[in-house]
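Secondary and tertiary structure notes
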Amino acid sequence: MSVNNTAYPTLSAANQTNWTAATGGSLNVGRDTVSAGYSHYVLHLSATDLGNFGVSYPVPYSDDDFHLSYRKNWARFALIPSASYDKFSFGSAGGTSAFAGRDTDALSHQLETQALQGRFEVSKGNALVAILRGTEAQFQPVNGATPDDYVSAGGFVGVDMRASSVIQYRALVGGESRQFIRSSTRTITTPTAEVDVIWMPDRMNTVTLTGQRGLFDPTSPFSHSQVMSTVRVQADHELRRNVFLRGSAGAAVTDSQATGTGTTVRTRRETQFTFGVSVNWKVNRDFTASLSYSHISSYMKHGVPSVTEDSVGRATFTSNTIMVGLSFAR
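Before going into details, it helps to say that this report is about the structure given with it. (Residues numbered from 1 in each chain as written. Predicted model: local features only at pLDDT ≥ 70, side-chain atom pairs only at ≥ 80, totals over all residues. Heavy atoms only, no water.)

A separate point is the overall build of the protein. Counting secondary structure elements, the protein contains 0 helices and 16 strands. Carbon and sulfur atoms make up 58% of the accessible area of the protein, which totals about 18300 Å². (Helix = DSSP H or I, 4+ residues; strand = E, 2+ residues; numbered from the N terminus. Areas by Shrake-Rupley, 256 points an atom, 1.4 Å probe, with all protein chains shown as cover.)

Inspection of the secondary structure puts R178 in strand 9 (residues 167-180). At 5.1 Å, E176 is the nearest oppositely charged side chain to R178, a buried residue that forms no salt bridge. One polar contact links R178 to S152, side chain to side chain, over a distance of 2.8 Å. (Buried < 20%, exposed > 50% of the residue type's maximum accessible area, 1.4 Å probe, protein only. Lys, Arg positive; Asp, Glu negative; His and termini not counted. Salt bridge = Lys/Arg side-chain N within 4 Å of Asp/Glu carboxyl O. Polar contact = N/O pair within 3.5 Å; in protein donor to acceptor, adjacent residues only side chain to side chain.)

L45, F90 and Y150 are the most contacted members of the largest nonpolar core, which has 18 residues in total. Mapped by element, the contributors of at least two residues to this core are strand 4 (59-73), strand 5 (77-90) and strand 7 (126-139). Ignoring any residue separated from it by four or fewer positions in sequence, one finds F90 in contact with L45, P60, Y61, T104, D105, L107 and S108. (Core = buried A, V, L, I, M, F, W, Y, C linked by side-chain atoms within 4.5 Å. Contact = heavy atoms within 4.5 Å.)

What follows deals with the environment of Q272. Structurally, Q272 can be placed in strand 14 (residues 267-282). By relative accessible area, Q272 is classed as buried at 9%. On a C-alpha basis, the gap between Q272 and A252 in space is 5.2 Å, while along the polypeptide they are 20 residues apart. Here E270 takes part through its side chain, which lies 3.5 Å from a polar atom of the side chain of Q272.

Attention now moves to the pairing of strand 4. Bridge count between strand 3 (residues 32-45) and strand 4: 13 bridges; the pairing is antiparallel. Residue pairing across strands places G37 opposite H67, the latter belonging to strand 4. In the sheet, strand 4 pairs with strand 5 via 11 bridges, with the strands oriented antiparallel. Bridge assignment links S69 to a residue of strand 5, and that residue is S82. Remark: 3 residues form the turn of the hairpin made by strand 4 and strand 5, two consecutive strands paired antiparallel. (Pairing = 2+ DSSP bridges.)

Turning next to the packing of aromatic side chains. This structure, assessed with the given rule, holds 8 aromatic pairs. Ring centres of Y38 and F66 lie 4.7 Å apart, and the angle between their planes is 40°; on these two criteria the pair is classed as tilted. Highlighted residues: Y38 in strand 3 and F66 in strand 4, separated in sequence by 28 residues. On the basis of relative accessible area, Y38 is assigned to the partly exposed category, the value being 27%. For F66, a relative accessible area of 42% corresponds to the partly exposed category. Ring pairs connect the aromatic residues Y38, F66 and Y85, which therefore count as one cluster. Lying over the aromatic face of W74, K72 brings its terminal NZ or CZ to 5.7 Å of the ring centre. In this structure, R178 is placed above the aromatic ring of Y150, and the distance from its NZ or CZ to the ring centre is 4.0 Å. (Phe/Tyr/Trp six-rings, centres within 6.5 Å; stacked < 30°, edge-to-face > 60°. Lys NZ or Arg CZ within 6 Å of the ring centre and 35° of its normal.)

Shown next, in the form of structure tokens:
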């Protein structure tokens, strides 16, 4: 379980409390493994989240996630079918802006995901990977509007190289298509990719590079079809035995197909840049003190007219955050 509370002394409508709880386990059946789990999330959409066009005040939502998988092992080959079910429920934003309570009910939906992964171990810790994945979403009808229910299908191939103690990486490429089965929203087909690289030149330093491109479950009240591309690099350094430094930088782009027909259909694009630094001091076994700074710059085009855009359809915002924290873990 984890709980995080954020309070703004002069803007109480932006106060929020996020919490999560999860449980799960696995069972060995001969050489095979069965895994199951359940997670519950109570979180908020934020204006600084990529693709959330027009969110001014935090929008609360919850997610109940159930997942099940089975790993069938042979000598060098493993076959891993899995399935998950998510139920998303969205509330209304606070505040008195034009976005208070707007459109977020239309985001409530159920999501089913099925996947089949094959792994062939070319050497110990190194494997070739192939994945087939399908998803179906059913949205809640609001005010008689046609919901953006969809089905998605994708395939991916790549490598997962984890044997080296200096550099480890996972890379996948493929394609995915999403078809909207009840609305007039156009079908989206796009190439997809995922990369995860960890470089450990020595025991004191770690550099991590992550990147992905693909279709994602909608998180914006004003767009149901997003193609996201992200890249992030993070460097960790152990300054002393109990003092750790971290720096990170990233860039991301989302192209979100707007709803509407004819000349009213415009692709909404957001470009976002982030960087941050932090220092963590492990005071003792139970307490850790932290100091961090983060910066976000977002540039939007064709967001929500008359509210977030200028006269030519552009909107920008920046966020600078300094945080001092003390955490307890037992």
